[in-house]
Amino acid sequence: TDSIQEYWAHEYSTTSLAYGNGTWNVVMSQGAGLVVQVYFSEAEFPEGKVRQYWDAGYDITSVAYSNAGWTVVMSQESGFTDQYYYHRDVFPESAIAKDWDEGFSITNLEFGNSLWVVVLSK
């Protein structure tokens, strides 16, 4: 976490986040246009915090699950005009097909603790 803060101070943005085999992998990029970012981790998917940051003009730009729980990165000026997510114990295939027809794309997809989290954005 200190490394992420240090890179943010040097105008890098967190553009991808993943966890596997006991190791966190974080991609930090310059010029991504993600001006202000926050991240938070909770054992259960942090619906309340996501809604709080949505209300403040942030979008979900990365989601990952580790043995400690869910980590979400949210960013301002992501370029998305609309966003929402599913969190279900069964993959929401038919709902996603309908969303594609309405112009949404999957921008994050993660499975952890028997839960699918699918973020769709325009």
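Structure report, in brief. Here the structure is a predicted model, which is why all the values come from computation and not from measurement.

With respect to the overall build of the chain
Then, number 1: A tally of helices and strands in the chain yields three helices and eight strands.
Then, number 2: In the chain, the order of α-helices and β-strands from amino to carboxyl end is α-β-β-β-α-β-β-β-α-β-β.
Then, number 3: For the chain, whose C-alpha radius of gyration is 14 Å, the value lies close to the compact-globule estimate of 14 Å for 122 residues.
Then, number 4: Of all 122 residues assigned to the chain, the portion counted as buried reaches 39%.
Then, number 5: Here the analysis covers contacts within the chain between residues at least 6 apart in sequence; of these, 53% occur between residues at least 24 apart.
Then, number 6: Counting only carbon and sulfur atoms, one obtains 46% of the accessible surface of the chain, whose full area is about 7,000 Å².
Then, number 7: The averaged location of the 16 negative side-chain charges in the chain is 9 Å from the averaged location of its 5 positive side-chain charges.

Some details on the packing of aromatic side chains
Then, number 1: Summed over the entire model, instances satisfying the criterion amount to 13 aromatic pairs.
Then, number 2: Ring centres 5.6 Å apart and planes at 65 degrees place the aromatic pair W8 and Y39 in the edge-to-face group. Residue W8 is located in helix 1 (residues 2-9), and its partner Y39 is located in strand 3 (residues 37-42); the two are separated by 31 residues in the primary sequence.
Then, number 3: Judged by relative accessible area, which is 19%, W8 ranks as buried.
Then, number 4: For Y39, a relative accessible area of 24% gives the class partly exposed.
Then, number 5: Considering the side-chain rings of Y84 and Y86, the 5.6 Å spacing of their centres and the 80 degrees angle between planes classify their relative orientation as edge-to-face.
Then, number 6: Accessibility expressed as a relative area gives 12% for Y86, which makes it buried.

Concerning the side chain of T71
Then, number 1: Along the chain, T71 falls in strand 5 (residues 69-76).
Then, number 2: A distance of 2.7 Å separates polar atoms of two side chains, one belonging to T71 and the other to S41.
Then, number 3: The contact partners of T71, leaving out residues within four places of it in the chain, are L17, W24, F40, S41, S62, V63 and A64.

A look at the pairing of strand 1 (residues 12-20)
Residues in a regular strand point their side chains to alternate faces of the sheet.
Then, number 1: Where strand 1 and strand 2 (residues 23-30) come together, eight bridges link them in antiparallel fashion. Bridge pairing in strand 2 places Y12 opposite Q30.

Definitions and cut-offs
Residues numbered from 1 in each chain as written. Predicted model: local features only at pLDDT ≥ 70, side-chain atom pairs only at ≥ 80, totals over all residues. Heavy atoms only, no water. Helix = DSSP H or I, 4+ residues; strand = E, 2+ residues; numbered from the N terminus. Rg over C-alpha atoms; globule rule 2.2 N^0.38 Å. Buried < 20%, exposed > 50% of the residue type's maximum accessible area, 1.4 Å probe, protein only. Contact = heavy atoms within 4.5 Å. Areas by Shrake-Rupley, 256 points an atom, 1.4 Å probe, with all protein chains shown as cover. Lys, Arg positive; Asp, Glu negative; His and termini not counted. Charge placed at Lys NZ, Arg CZ, Asp CG, Glu CD. Phe/Tyr/Trp six-rings, centres within 6.5 Å; stacked < 30°, edge-to-face > 60°. Polar contact = N/O pair within 3.5 Å; in protein donor to acceptor, adjacent residues only side chain to side chain. Pairing = 2+ DSSP bridges.

Honestly, that's just the spatial picture; any functional story needs more than this.
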